[in-house]
Amino acid sequence: MSVQAKPKVLATMSILADVARQIGAPDLEISSLIGPDQSAHHRDPTPTELTGFGAISLLLHVGFKLEGWIDRIPESTGYRGPIIQASEGITPILIEGRIPDSHTWQSFDGLRSYAQTITKACIGLWPNLATSFETRLKTYLAELQTARDEAVALLTPLRQDRRLIIVPHNSFRYLGRELGLEFRGISSLSTGAQPSAKALADLLDEIKSADAAACFVETEADQRLMGQIAAESGSKLGGKLYTDSLSKPDGPAGTSVRMLAYNVATIAKALTP
């Protein structure tokens, strides 16, 4: 007697795949197009990856223009299954008043919305597994709430003064909105863009006027510039934050909840006198 294959779910990036895994595994087989320690930006599927879409039953994407290729999938692959935008229940933060910030996974509220949207989609496709999906959703939301409560407790003592968090590019607007944190990105929408001399001077002045500030890196390439900003402003160099992907499973940000908890703890440690 053959074992029936599990339905396959493909998520576009590792953080989204982890949320889907928390809801769907072990009943569903969850995979990620973009793996751990890989940037979610500027990444189109390769021709080899496109050939695998015929085997999946559900495609999950973040939305808000992160995956510019998503609308071409039916034509490119012949895939006719559901394509679900995980961020559909989230009110976007608009950059320059018009560009939706896609980094919705960088907040507890964002991950909660992802989980609820994914659960709804899975129940619609596999109603016989609804109880399992709902039970796992409840467990995931409880874990998320515990991590959020711990994050708030870490940050509460720091709220008396103005504390700036300097990052290579501002992937943390949603976390800032949710927890009242003030982030400054030194580039616009993606890593690699160098600030002008005037923009850098203005940033240094702003850092010096804050009660406390810390600079963080996202990749090894950020180390030199962020180190320079920290040295010239007298702020701390606070370490690495995980922005667009998880770490390897045994790393500090191996799951979506651990990623947020790690980022907040790293920020709080650097800003604590």
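Provided above is the structure to which this section pertains.
Here the structure is a predicted model, which means the values were calculated and not measured.

Engineer: Explain the sheet that holds strand β7 (residues 163-169) to me, please; I cannot follow it from the model alone.
Structural biologist: On the basis of which strands lie adjacent, the open sheet formed by 4 strands has the order β8-β7-β9-β10 and parallel pairing. Each edge of the open sheet carries a strand with a single partner, namely β8 (182-187) and β10 (236-240). Looking at each pair of strands side by side, their axes are set apart by 30 degrees on average, direction ignored. Both β7 and β8 contribute to a ladder of 5 bridges, which runs parallel. Residue pairing across strands places H169 opposite S187, the latter belonging to β8. Its contacts with the sheet put helix α9 (residues 256-271) on β7, β8, β9 (212-217) and β10, and the angle it makes with β9 is roughly 135 degrees.

Engineer: Explain the nonpolar core to me, please; I cannot follow it from the model alone.
Structural biologist: Across soluble globular proteins, nonpolar side chains have a tendency to be buried as a group. Grouped together as the largest cluster of nonpolar side chains are 70 residues, with contacts concentrated most on L16, L60, W105, F108, L111 and Y114. Ranked by residue count, the leading element in this core is α9, at 8 residues. Residues contacting L60, with those up to four places away along its chain left out, are V9, L10, A11, T12, L16, A20, I84 and I118. Core analysis: the next-biggest nonpolar cluster, separate from the first, contains 15 residues, L164, I207, C215 and V217 among them.

Engineer: I tried to follow the pattern of salt bridges on my own but got confused; where do I start?
Structural biologist: Any two side chains of opposite charge can pair, on the condition that their charged atoms come close. In this structure the tally under the stated criterion is 12 salt bridges. One salt bridge in this structure joins R98 and E96, with 3.2 Å as the shortest N-O distance. Note on accessibility: R98 and E96 belong to one class, exposed. R184 serves as the salt-bridge partner of E182, at 2.9 Å between the closest nitrogen and oxygen. For R184, a relative accessible area of 26% gives the class partly exposed.

Rules of the game
Residues numbered from 1 in each chain as written. Predicted model: local features only at pLDDT ≥ 70, side-chain atom pairs only at ≥ 80, totals over all residues. Heavy atoms only, no water. Pairing = 2+ DSSP bridges. Helix = DSSP H or I, 4+ residues; strand = E, 2+ residues; numbered from the N terminus. Axes fitted to C-alpha atoms, helices over the stretch in contact; angles between N-to-C directions. Contact = heavy atoms within 4.5 Å. Core = buried A, V, L, I, M, F, W, Y, C linked by side-chain atoms within 4.5 Å. Buried < 20%, exposed > 50% of the residue type's maximum accessible area, 1.4 Å probe, protein only. Salt bridge = Lys/Arg side-chain N within 4 Å of Asp/Glu carboxyl O.

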